[in-house]
Amino acid sequence: MGGFSENHINSYEKKISLYQLHRMYQDGRLVFPPVPAKTSKKKVEKVSSALEAILMGVILPVVYASERQDGSLLVQDSSDRLQCLMEFLEGRFPAAGLEFYPELDGCRLNTLERHFPRISSLIYDSKIFLQVIEYTTPKYMHMQVGNYMEKRSFTREQGVRNELYGKDLLAVLDYLERSLGRPAVFFSRQKLNRQYMILRILMYRFVFTEEIPEEYGEEMGLQQLLDRTVECLRKKDDDEIEELAEDFESATRKLIKQGEQVIPELVCERGKERQAKTLGYLYHVVWMCRERGYRSGKGLKQILSDRELWEQIKSDKVTFANIRRHYHEMEMRLR
């Protein structure tokens, strides 16, 4: 508890039974990010291994969760183990394939409660260790926790971000995502991934337009920059959001028109970090050409053919200073 420096995570440990967690889940006080669901088979495998560990007395790994303003806890568990346990306690699927408890094969919770009451009590009473990140911790540090635990997909990261930052962000990103339209084949089909890519593109745009000012510090990294991007979006009115949507739509058409030189590589890297970097700069090249009265096709060809520049972009860490430097180099090439 207590105060924190800007780049510090404040957290506390909470030991809580599965029964209590299930009550919180039913009351909406335990929340999971809306990521694409695992198959039923995967969920059964996940919950069965967790149940067997619990019954054998194994302590499950610590689960990180973010405390939200309303007091609810947003679970940051990429294994989805806890979510599968909650769904099992809801009776949604059975346990199966338990090596040391074969008699439980095919049992749902209601069957356990009727025929194996002692086992069901052990499950309800088992404790989960939550490491709760306090609400007062900057949101970008909540996001950073997931990256420290393991490398998350962009889809999962955006699912966590949408829940952490609230419905306003989700509504804007959802609107901008629809502006891409079906022709944007170089984007993932997964909505959360597309929203993440849009946020990344806007991050590069806001750095260049100085809506994210230099006063934040030149070494500001990716999660901090994305946090500032959300701040910038929240300050925009409906007309400005509409203008952004139109810019996305027109730039997407320009990139599709570029076709042969752009699309194959972007499709190959779809949903990956390299694509996120590439899109961030290519959209901006289109917008920069428009502002300066250049032909975007010619500008894109000029920038895309500069292998040295792209190798530098690929190897450089995403920071405020590096983005500004890369944009300066692109401007020099377009003069």
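Above this text is the structure in question.
Residues numbered from 1 in each chain as written. Predicted model: local features only at pLDDT ≥ 70, side-chain atom pairs only at ≥ 80, totals over all residues. Heavy atoms only, no water.

Participant: Mind laying out the packing of helix α2 (residues 40–55) against helix α3 (residues 81–89), listing which residues take part and the relevant values?
Facilitator: Describing two packed helices takes the angle between their axes plus the distance from one axis to the other. Running from amino to carboxyl end, α2 crosses α3 at an angle of 90 degrees, the nearest separation of the two axes being 9 Å. Comparing their axes, α3 and α2 come out roughly perpendicular. Every residue of α3 that contacts α2 at K43, K46, V47, A50, L51 and I54 is listed here: R81, C84, L85, E87 and F88. When the residues that make up the contact of α2 with α3 are grouped by side-chain class, the tally is seven nonpolar, no polar and four charged. (Axes fitted to C-alpha atoms, helices over the stretch in contact; angles between N-to-C directions. Helix = DSSP H or I, 4+ residues; strand = E, 2+ residues; numbered from the N terminus. Parallel < 35°, antiparallel > 145°, perpendicular 65-115°, else oblique. Contact = heavy atoms within 4.5 Å. Nonpolar A, V, L, I, M, F, W, Y, C, P; charged D, E, K, R; others polar.)

Participant: Can you tell me about the nonpolar core, naming the residues and giving the values?
Facilitator: Counting 65 residues, the largest nonpolar core has L233, Y283 and M330 as its most contacted members. In terms of residues, this core owes the most to one element, helix α9 (residues 191–208), which gives 11 residues. When sequence neighbours within four positions are dropped, the list of residues in contact with M330 reads Y281, V285, M288, I303, L309, W310 and I313. If you look at the next biggest cluster of nonpolar residues, it comprises 39 residues, including M24, Y25, F32 and C107. (Core = buried A, V, L, I, M, F, W, Y, C linked by side-chain atoms within 4.5 Å. Buried < 20%, exposed > 50% of the residue type's maximum accessible area, 1.4 Å probe, protein only.)

Participant: I'd love a proper account of the pairing of strand β5 (residues 127–133), names of residues and values included.
Facilitator: Most of β5 sits out of view: six of its seven residues are buried. Here strand β1 (residues 11–17) runs beside β5; their pairing, made up of seven bridges, is antiparallel. In the strand pairing of β5, S17 is matched with K127. Judged from the four bridges that link them, strand β3 (residues 63–67) and β5 form a sheet pairing that is parallel. Across the sheet, residue S66 finds its bridge partner in β5, namely I133. (Pairing = 2+ DSSP bridges.)

Participant: Which residues make up helix α11 (residues 238–258), and what values do they have?
Facilitator: An ideal rise of 1.5 Å per residue puts 30 Å on 21 residues; α11 measures up with 30 Å between its terminal C-alpha atoms. Three or more residues of α11 are buried, namely I241, L244, A245, D247, F248, A251, T252, L255 and Q258. All buried residues of α11 project into a common sector of 160 degrees when viewed along the axis, lining one side. Turned more than 90 degrees away from the buried face of α11, the exposed residues are D238, D239, R253 and K257. With a side-chain oxygen lying 3.2 Å from the backbone nitrogen of D239, the N-terminal cap of α11 falls on D237. Immediately beyond the C-terminal end of α11, within one or two residues, lies G259, with a positive phi of roughly 40 degrees. (Expected span 1.5 Å × (residues − 1). Arc of directions from axis to C-beta. Polar contact = N/O pair within 3.5 Å; in protein donor to acceptor, adjacent residues only side chain to side chain.)

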